[in-house]
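Now for the letters of each chain:
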Amino acid sequence: LESKSRILRILGFRLFSQEAKQILENQALQSIKISANPRYVFDNLLNCLLHNSVSIPGYSTLQEIITYAFSQENNRIISIIAKHIPQYVDNELKPLLKAEEQTYGITLLKKDAKGFNHTELMREIEKKNTCRNLFKFAKKIIPKLKISEQNIRYYASLVDYYTVDRLNALSFETVRLYLLCYVFYRFQKINDNLVNSFMYHLNDYKKKADEASKESIYHQKIESNSYDEK
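Residues numbered from 1 in each chain as written. Predicted model: local features only at pLDDT ≥ 70, side-chain atom pairs only at ≥ 80, totals over all residues. Heavy atoms only, no water.

Some details on the layout of surface pockets
The gaps left among the atoms become clear once a water-sized probe is rolled over them.
Right, on to step 1. Space inside the largest pocket adds up to approximately 250 Å³.
Right, on to step 2. Lining the largest pocket are 15 residues, with Phe-70, Asn-74, Tyr-155, Leu-158 and Tyr-178 sitting closest to its centre.
Right, on to step 3. Going through the elements one at a time, helix 4 (59-84), helix 9 (149-161) and helix 11 (172-229) are the ones with two or more residues in the lining of the largest pocket.
Right, on to step 4. Looking at side-chain class alone, the lining of the largest pocket contains 11 nonpolar, 2 polar and 2 charged residues.
Right, on to step 5. By volume, the second largest pocket is sized at about 210 Å³.
Right, on to step 6. Taken together, Leu-108, Lys-111, Asp-112, Ala-113, Lys-114, Glu-120, Arg-123, Glu-124, Glu-126 and Lys-127 make up the lining of the second largest pocket.
Right, on to step 7. Residue composition of the lining of the second largest pocket, by class: 2 nonpolar, no polar and 8 charged. (1 Å grid on protein atoms, 1.4 Å probe; cavity = no way out; pocket = protein on both sides within 12 Å on 5 of 7 lines; lining within 4 Å. Points joined across faces, edges and corners; volume = space filled by probe spheres on them. Helix = DSSP H or I, 4+ residues; strand = E, 2+ residues; numbered from the N terminus. Nonpolar A, V, L, I, M, F, W, Y, C, P; charged D, E, K, R; others polar.)

Here is the structure:
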């Protein structure tokens, strides 16, 4: 230990201490508000140690600090949602986690439209109607959570990443956060799909109208020429 301390002094560093741990815990809590991606938090802790000229502690210590930060942030967000969430929102969130994922639930909501035909268009409208109330609530509660845009996207991405079974294995309070963030973005994506579908059909109708108009003019000219020849 003495040799290690001597080497660190020569390099301008100091041993990791309880004081340094407190600094890292504060850094972790700040970092997680920017991005809840564990790798981002881990990299920020290493940069913090380097900036403060402190030696890197054992992996278990860093893991403990990151776990603590995630727990604190998760509890903070969950408590805010629990304070403001009405019962009807929970009643609409829970069916999204049903096991019949091929015909109902979040898996159906995940599926993108495969084209602009009538069947796909009606499915998008149905999905939009299914999560309309959830989107309205998500739009109100998310600003209260005071989380970054990056974190909203990160929590939403976990719904895409996890299967329904995996989501059901997590606490509902945690999954509730993920689902609200997911619905917030998914609803807007469905809206985009419907707008794109509308534009596609509008352009298609316009193209067909132009073609019909040209064909009509062509036939009128032929009839007019035939009449003149008589």
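Regarding the nonpolar core
Right, on to step 1. One finds Leu-93, Ile-106 and Tyr-155 to be the most contacted residues of the largest nonpolar core, which totals 55 residues.
Right, on to step 2. Setting aside residues no more than four positions away along its own chain, Ile-106 makes contact with Leu-96, Val-159, Val-164, Leu-167, Leu-179 and Tyr-182. (Core = buried A, V, L, I, M, F, W, Y, C linked by side-chain atoms within 4.5 Å. Buried < 20%, exposed > 50% of the residue type's maximum accessible area, 1.4 Å probe, protein only. Contact = heavy atoms within 4.5 Å.)

What to know about the pattern of salt bridges
Right, on to step 1. Inspection of the entire model under this criterion finds 7 salt bridges.
Right, on to step 2. In this structure, Lys-33 and Glu-73 form a salt bridge, with 3.4 Å as the shortest nitrogen-oxygen distance. Taken together, the positions of Lys-33 in helix 2 (residues 18-34) and Glu-73 in helix 4 put the pair 40 residues apart, joining distant regions of the chain.
Right, on to step 3. Relative accessible area serves as the criterion here: at 36%, Lys-33 is assigned to the partly exposed category. (Salt bridge = Lys/Arg side-chain N within 4 Å of Asp/Glu carboxyl O.)

Considering the packing of helix 4 against helix 8 (residues 132-145)
Right, on to step 1. Look at helix 4 against helix 8: their axes get within 10 Å of each other, and the N-to-C directions meet at 135°. When the interaxial angle is binned, helix 4 and helix 8 end up oblique. Relative to helix 8, helix 4 is oriented so that their crossing is right-handed. Taking contact as the criterion, the partners of Arg-76, Ile-77, Ile-80, Ile-81 and His-84 in helix 4 are, on helix 8, Phe-137, Ile-141, Lys-144 and Leu-145.
Right, on to step 2. Here the residues of the contact of helix 4 with helix 8 sort into 6 nonpolar, 1 polar and 2 charged. (Axes fitted to C-alpha atoms, helices over the stretch in contact; angles between N-to-C directions. Parallel < 35°, antiparallel > 145°, perpendicular 65-115°, else oblique. Left-handed = near helix turned anticlockwise from the far one by under 90°.)

Brief notes about the packing of helix 2 against helix 3 (residues 38-51)
If you want to describe how two helices pack, look at the angle between their axes and the distance between the axes.
Right, on to step 1. Contact geometry of helix 2 with helix 3 gives a least axis separation of 9 Å together with a crossing angle of 140°. With respect to helix 3, the axis of helix 2 lies oblique. The two elements helix 2 and helix 3 cross, and the hand of that crossing is right-handed. Contacts between helix 2 and helix 3 involve Ile-23, Leu-24, Gln-27, Ala-28, Ser-31, Ile-32 and Ile-34 from the first element and Tyr-40, Val-41, Asn-44, Leu-45, Cys-48 and Leu-49 from the second.
Right, on to step 2. Across the contact of helix 2 with helix 3, the residue classes break down as 10 nonpolar, 3 polar and no charged.

Considerations on helix 7 (residues 118-130)
Right, on to step 1. With 13 residues, helix 7 extends 18 Å between its outermost C-alpha atoms, agreeing within 8% with the 18 Å of an ideal straight helix rising 1.5 Å per residue.
Right, on to step 2. The set of residues buried in helix 7 consists of Glu-120, Glu-124, Lys-127 and Lys-128. Seen end-on, helix 7 carries its buried residues on one side only, within an arc spanning 100°. Exposed residues pointing more than 90 degrees away from the buried face of helix 7 are listed as His-118 and Glu-126. (Expected span 1.5 Å × (residues − 1). Arc of directions from axis to C-beta.)

Observations regarding a nonpolar patch on the surface
Right, on to step 1. There is a patch of nonpolar side chains on the surface, built from Val-195, Phe-198, Met-199 and Leu-202 and spanning about 380 Å² of accessible area.
Right, on to step 2. Relative to the helices and strands, Leu-202 is located in helix 11. (Patch = residues over 30% accessible without salt bridge, like charges linked within 9 Å, V, L, I, M, F, W, Y side chains within 5 Å. Areas by Shrake-Rupley, 256 points an atom, 1.4 Å probe, with all protein chains shown as cover.)

Quick word on the environment of Asn-133
Right, on to step 1. Take Asn-133: it is sitting in helix 8.
Right, on to step 2. Between the alpha carbons of Asn-133 and Asn-74 there is a distance of 24 Å; along the sequence they are 59 residues apart.

Side note on the side chain of Lys-21
Right, on to step 1. Here Lys-21 lies in helix 2.
Right, on to step 2. Look at Lys-21 and you get buried, because its relative accessible area is 15%.
Right, on to step 3. Polar contacts involving the side chain of Lys-21 include one to the side chain of Glu-64, which spans 2.9 Å.
Right, on to step 4. Not counting residues up to four positions away in its chain, the partners in contact with Lys-21 are Phe-16, Glu-64 and Ile-65. (Polar contact = N/O pair within 3.5 Å; in protein donor to acceptor, adjacent residues only side chain to side chain.)

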